[in-house]
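Spelled out, the chains give:
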Amino acid sequence: MMTFLQLRWLGRTRVRAYSIILALVSAISMIWMFQRAMGPDGSDFQAFWSAGRLVLSGAAAGAYDPAVIAGVQAKAGLRDVFAFVNPPPLLLAVWPLGLLEYPAAWPAWVAATYCVWLLVTRRLAPELTWPIAAFPGALVAAWHAQTGFFTSIFQALAAVWLREWPFCAGLSIGVLIVKPQLALLFPVALLAARLWRVIAGAAVSVAGLLLLSWVLLGTETMLAYPKSWAVSDYLLRTGSDTFFLRQSTLYAMVRVAAGHGTALAVQAAATLAMAALVWRSWARPGAYEGKLALLFAATPLATPYLFSYDLPFLIIPLCWLVRAHRSAALGNWERPVLLALYLSPLVARAMALPAGLNPMPLVLLVLVGLIWWRLEQPDAQTAA
């Protein structure tokens, strides 16, 4: 029984087979989620689709006007309104969605972003292609048809290019301006490691995307974007427990249990702690792969605002642990712990509402702890 629970029987062949089964089941579940998204309540995706329609009609600034974007969504038979609150550079990516009708745009967006994400991410661990493809964090992102895959593509590209193409890695990091909270720890890491070419690439990317948005979308759109902050502020001030339970941050978890003030204090401490860990790791010699694993694992703990559908990038630190964790840190329980971490984005998402607690921040603390422990080992200086 103990041997069974320790998963000693779970070898490479079975991992691949179970991953294929999980991927097939996940694909089938997308039929149900598509049907829900096509109902009158719609889905988060309608914000991006309607914004694309407005860009194509020459009214890009309307994407930041709740009344205007509500009109576009109402014409598609969607009852609930989902506001577009991302910076203007994201409009440059979603405008092609406006060429399609809503029922065609939803699967096109999910399939396209998922495939690119998989192709890029598997380059970090080709032998783990099937576990990457079936990652439960990717399934949650696909269900919501949000920006999780899109942003994770550029996080993975930064990891792929960092060693040999540092300027290009910086260009990828700069794209995260569309969701800045995902890039919160990158400046800490890059400054600690003095990676000036990466920093230059990120600066060029951010400036270039803002300039291109201004030229293509107009001054009115750039000035309209700050108006959308009121929507985000309203949600953060008045959001229900359900709203915060869908997030994967310490702030959200503590706010549900103890209120805004306590949550803010806990989040501030966590942000400083994660920044300190990342700085210490990146300031000393060692392979980039482990440092990137720590950075990505720490990112959700460093920001107060991040949803479960934003987490496909967590497969990067998990793959690193699978490849590099050849030690006695977890003893005979290494495989069960890694499996639990792998399944955690979906399990945490599923239990959050019934339990009134989203345990994902606690899982992330474990993940960060394991990565940090591994990086502290003597052979970590050369480990990939």
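Coordinates for the structure precede this section.
Let me begin by describing the structure that accompanies this report. Quick caveat: nothing in here was measured; it's all calculated off a predicted structure. (Residues numbered from 1 in each chain as written. Predicted model: local features only at pLDDT ≥ 70, side-chain atom pairs only at ≥ 80, totals over all residues. Heavy atoms only, no water.)

### Quick look at the overall build of the protein
The number of helices and strands found in the protein is 21 helices and zero strands. For 384 residues, the compact-globule formula gives about 21 Å, and the C-alpha radius of gyration of the protein, at 21 Å, lands near that figure. Dimensions of the protein, computed from the C-alpha atoms along their principal axes, are close to 60 × 45 × 40 Å. Looking at the protein as a whole, 52% of its 384 residues are labelled buried. In the protein, of all internal contacts separated by at least 6 residues, the share reaching a separation of at least 24 is 75%. Summed over all atoms, the accessible surface of the protein reaches about 17100 Å², with 69% contributed by carbon and sulfur. (Helix = DSSP H or I, 4+ residues; strand = E, 2+ residues; numbered from the N terminus. Rg over C-alpha atoms; globule rule 2.2 N^0.38 Å. Buried < 20%, exposed > 50% of the residue type's maximum accessible area, 1.4 Å probe, protein only. Contact = heavy atoms within 4.5 Å. Areas by Shrake-Rupley, 256 points an atom, 1.4 Å probe, with all protein chains shown as cover.)

### Re the environment of Asp65
Within the secondary structure, Asp65 is located in the loop between helix H3 (45-56) and helix H4 (66-75). Asp65 sits 133 residues away from Val198 along the chain, and the two C-alpha atoms are 36 Å apart.

### Describing the environment of Thr299
Note on placement: Thr299 falls in helix H18 (residues 288-302). Taking relative accessible area as the criterion, Thr299 reaches 1% and is therefore assigned buried. Expressed as a C-alpha distance, the spacing of Thr299 and Phe186, which sit 113 residues apart in the sequence, is 9.1 Å. Here Thr299 is in contact with Gln181, Leu182, Leu185 and Phe313, once residues within four sequence places are set aside.

### Focus: the side chain of Asp44
Among the secondary structure elements, Asp44 is positioned in the loop between helix H2 (12-37) and H3. Residues in contact with Asp44, not counting those within four places in the same chain, are Phe82, His144, Gln146 and Tyr309.

### Examining the layout of surface pockets
Size it by volume and the largest pocket reaches roughly 1300 Å³. Lining the largest pocket are 40 residues, and of these Asp44, Phe82, Gln146, Phe307 and Tyr309 sit closest to its centre. Of all the secondary structure elements, the ones that give two or more residues to the lining of the largest pocket are H2, H3, helix H8 (136-144) and helix H14 (229-238). For the lining of the largest pocket, the element with the most residues is H14, which contributes six residues. (1 Å grid on protein atoms, 1.4 Å probe; cavity = no way out; pocket = protein on both sides within 12 Å on 5 of 7 lines; lining within 4 Å. Points joined across faces, edges and corners; volume = space filled by probe spheres on them.)

### Some points on the pattern of salt bridges
Tallied over the full model, the rule gives five salt bridges. With a shortest N-O distance of 2.4 Å, Arg284 and Glu376 are connected by a salt bridge. Highlighted residues: Arg284 in the loop between helix H17 (260-283) and H18 and Glu376 in the segment after helix H21 (360-375), separated in sequence by 92 residues. By relative accessible area, Arg284 is classed as partly exposed at 23%. (Salt bridge = Lys/Arg side-chain N within 4 Å of Asp/Glu carboxyl O.)

### Details of H21
Its 16 residues give H21 an end-to-end C-alpha distance of 22 Å, which sits within 8% of 22 Å, the value for a rise of 1.5 Å per residue. All of the buried residues in H21 are Met360, Pro361, Val363, Leu364, Leu367, Val368, Leu370, Ile371, Trp372, Arg374 and Leu375. Buried residues belonging to H21 abut helix H16 (250-258), H17, H18, helix H19 (315-324) and helix H20 (334-355). (Expected span 1.5 Å × (residues − 1).)

### Things to note about the packing of H3 against helix H6 (residues 102-121)
Viewed as axis vectors pointing N to C, H3 and H6 meet at an angle of 115 degrees, and their least axial separation amounts to 10 Å. Taken together, H3 and H6 sit at an angle that is classed as roughly perpendicular. Here the hand of the crossing between H3 and H6 comes out right-handed. In this structure, H3 uses Phe45, Gln46 and Trp49 to contact H6, whose residues at the interface are Tyr102, Ala105, Trp106 and Trp109. Residues that form the contact of H3 with H6 fall into these classes: six nonpolar, one polar and no charged. (Axes fitted to C-alpha atoms, helices over the stretch in contact; angles between N-to-C directions. Parallel < 35°, antiparallel > 145°, perpendicular 65-115°, else oblique. Left-handed = near helix turned anticlockwise from the far one by under 90°. Nonpolar A, V, L, I, M, F, W, Y, C, P; charged D, E, K, R; others polar.)

### A word on H2
Helix length check: H2 (26 residues) gives 36 Å between terminal C-alpha atoms against 38 Å at 1.5 Å per residue, within 8%. Buried-residue contacts for H2 involve H6, helix H7 (129-133) and H8.

### Considerations on a nonpolar patch on the surface
Nonpolar side chains collect at one region of the surface, where Leu211, Leu212, Trp214, Val215 and Leu216 lie side by side and expose about 540 Å² of accessible area between them. Counting through the fold element by element, Val215 comes out in helix H12 (residues 196-217). (Patch = residues over 30% accessible without salt bridge, like charges linked within 9 Å, V, L, I, M, F, W, Y side chains within 5 Å.)

### Describing the packing of aromatic side chains
A full pass over the atoms with the stated rule returns 22 aromatic pairs. Residues Trp282 and Tyr288 carry aromatic rings whose centres are separated by 6.0 Å and whose planes lie at 25 degrees to one another, so their mutual orientation is stacked. The class of Tyr288 is partly exposed, set by a relative accessible area of 21%. (Phe/Tyr/Trp six-rings, centres within 6.5 Å; stacked < 30°, edge-to-face > 60°.)

So, to be careful, I would describe these as geometric facts and stop short of saying anything about function.
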